[in-house]
Amino acid sequence: MPDGPQPSAHEQLEAGLAAFGLQLRGAWRPEVKTWASGTDLSINLPDGQPAVMIYLVGVVGSAFWPAFKASTFYRDGLPDPLDRWSHAIGTELAARWGALAVFPFEGPPYHPFQQWAARAEQLKTSPVMLKIHPTFGLWHAYRFALAFSSELPVEATVNPSPTMNEADICLSCDGQPCLQACPVQAFTGAAFRLEACADHLHGSPDGDCMRVGCLARRACPVGTEYAYTPDHAAFHMRAFIRQH
Ligand code: B12
Ligand code: SF4
Ligand code: SF4
């Protein structure tokens with residue numbers, strides 16, 4: 001064993017995630033009841049007790065893309081390769097850390113990942129329904145959450161309060177270009193017209209949206225350096241039209 005300080009549990013978890021290009025995206029305590037919500041935001045652990053801390057794990061930009069592309073999941077020709085890759089990593093890490101892994105694609109009913117995320121990080125709701133991050137813009141998503149019992153082996157920054165006082169990037173955004181960029185006005189500012197989007201994508205399989213990703217998302221000036229690579233974006237678009 002080398003001399004010197006051993007990595008903390010937090011550092012070990014972050015290193016385990018970094019090997020896959022994944023990031024610890026923050027944590028929050030479900031028992032804090034100060035956030036009004038019509039949704040039940042808690043999770044029960046296998047022993048029936050509610051989770052005490054929920055850590056969110058996700059992707060920022062295309063950092064995970066090389067690791068995922070190098071995996072057997074990407075190449076095995078079976079359905080839902082990214083979900084299966086996430087599941088394999090999440091369940092393995094959960095077993096190692098004594099946590100329960102939960103996934104955004106489990107459902108319906110789905111776990112309220114966007115509401116969890118807004119409690120773990122400084123996020124706001126954008127007019128294109130994605131949560132916007134002050135640095136990463138719209139270029140981030142979630143792959144799984146780790147729900148822990150009261151004995152927490154991992155220290156993390158716990159978001160102490162809701163983000164109501166943070167400046168709302170989208171409210172002060174000049175011209176809201178995301179709302180102008182969609183060729184079929186799929187975003188109304190209050191809803192997403194899924195059929196209009198899906199019809200356009202099926203009708204223009206070689207169009208810009210399919211080749212480089214959602215044009216509304218690309219029009220946002222925040223976090224452009226984190227924009228998904230065309231290869232990565234096109235992968236999501238192909239997955240999207242297979243289902244819609
Ligand atoms: C169902 C779903 C959709 C449906 C929404 C239908 C609907 N009206 O609910 C559809 C198919 C439209 C959709 C589309 C996309 N989605 Co989606 N979706 C989900 C999913 C699996 C469940 C949402 C849900 O019902 N949750 C249950 C409720 C109780 O939880 P909630 O947190 O309150 O849910 C909120 C969302 O439903 C949101 N919402 C409602 N309508 C729409 C429409 C869109 C487009 C989005 C993004 C969100 C959204 O409002 C709810 C209230 O806060 C979540 C994963 C998850 N488990 O949260 C991903 C999720 C919301 N989607 C996500 C993404 C990235 C997309 C896409 C951009 C995928 C892509 N192509 O890359 C597309 C956008 C369209 C496009 N053309 O590119 C991300 C958002 C990340 C972020 N930064 O916020 C999530 C969190 C998945 C993830 N792995 O990170 N999605
Ligand atoms: S373009 Fe402006 S309004 Fe739209 S998501 Fe980006 S910051 Fe928000
Ligand atoms: S993928 Fe294209 S058609 Fe669909 S919402 Fe985005 S810009 Fe509009």
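That block above? That's the structure.
Calculation notes
Residues numbered from 1 in each chain as written. Chains lettered and ligands numbered in written order. Predicted model: local features only at pLDDT ≥ 70, side-chain atom pairs only at ≥ 80, totals over all residues. Heavy atoms only, no water. Near = heavy atom within 4 Å. Helix = DSSP H or I, 4+ residues; strand = E, 2+ residues; numbered from the N terminus. Nonpolar A, V, L, I, M, F, W, Y, C, P; charged D, E, K, R; others polar. Core = buried A, V, L, I, M, F, W, Y, C linked by side-chain atoms within 4.5 Å. Buried < 20%, exposed > 50% of the residue type's maximum accessible area, 1.4 Å probe, protein only. Domains from an automatic or database assignment. Patch = residues over 30% accessible without salt bridge, like charges linked within 9 Å, V, L, I, M, F, W, Y side chains within 5 Å. Areas by Shrake-Rupley, 256 points an atom, 1.4 Å probe, with all protein chains shown as cover. Salt bridge = Lys/Arg side-chain N within 4 Å of Asp/Glu carboxyl O. Phe/Tyr/Trp six-rings, centres within 6.5 Å; stacked < 30°, edge-to-face > 60°.

**Describing the site of ligand 3**
Taken together, 13 residues form the shell around ligand 3, and within it Cys 182, Phe 187, Cys 197, Cys 209 and Cys 214 come nearest. Within the residue set of the shell around ligand 3, elements represented by two or more residues are helix 7 (194-203) and helix 9 (215-218). Split by residue class, the shell around ligand 3 holds 12 nonpolar, one polar and no charged.

**Concerning unusual backbone geometry**
A cis amide bond links Gly 107 to the next residue, Pro 108, at an omega of 0°. By the element assignment, Pro 108 lies in the loop between strand 3 (100-102) and helix 5 (113-120). With an omega dihedral of -5°, the bond running from Pro 108 to Pro 109 counts as a cis peptide bond. Turning to its location among the elements, Pro 109 is positioned in the loop between strand 3 and helix 5. Backbone geometry places Gln 176, a non-glycine residue, at a positive phi of 40°. Its location among the elements puts Gln 176 in the loop between strand 6 (140-148) and helix 6 (177-181). A positive phi angle, near 45°, is found at Gln 185, a position not held by glycine. Here Gln 185 shows up in the loop between helix 6 and helix 7.

**Brief notes about the nonpolar core**
One finds Leu 17, Leu 22, Phe 64, Phe 144 and Leu 146 to be the most contacted residues of the largest nonpolar core, which totals 29 residues. Looking at this core, the element that brings in the most residues is helix 4 (residues 81-97), giving six residues. Residue assignment places this core across two domains, with domain 1 (9-148) and domain 2 (177-243) each supplying three or more. Core analysis: the second largest hydrophobic core is formed by 16 residues, Ile 43, Ile 54, Ala 145 and Ala 147 among them.

**Comments concerning a nonpolar patch on the surface**
Taken together, the side chains of Met 129, Phe 192 and Leu 194 define a hydrophobic patch exposed on the protein surface, amounting to about 230 Å² of accessible area. Residue placement: Phe 192 occurs in the loop between helix 6 and helix 7.

**Details of the packing of aromatic side chains**
Under the counting rule described, the total for this entry stands at 18 aromatic pairs. Judged by centre distance (5.4 Å) and plane angle (85°), the rings of Phe 68 and Tyr 74 are edge-to-face. Take Tyr 74: its relative accessible area is 27%, and that puts it in the partly exposed class. Taking 5.5 Å as the distance between ring centres and 65° as the angle between the ring planes, the aromatic pair formed by Phe 68 and Trp 85 counts as edge-to-face. One end of the pair, Phe 68, is in helix 2 (residues 65-69); the other, Trp 85, is in helix 4, with 17 residues separating them in the sequence. Like Trp 85, Phe 68 is buried.

**Here's the deal with the pattern of salt bridges**
All chains considered together, the criterion is met by six salt bridges. The shortest N-O distance in the salt bridge between Arg 211 and Asp 208 comes to 2.5 Å. With Arg 211 and Asp 208 both in helix 8 (residues 208-212) and three residues apart, the pair spans about one turn of that helix. On the accessibility criterion, Asp 208 (40% relative accessible area) is partly exposed.

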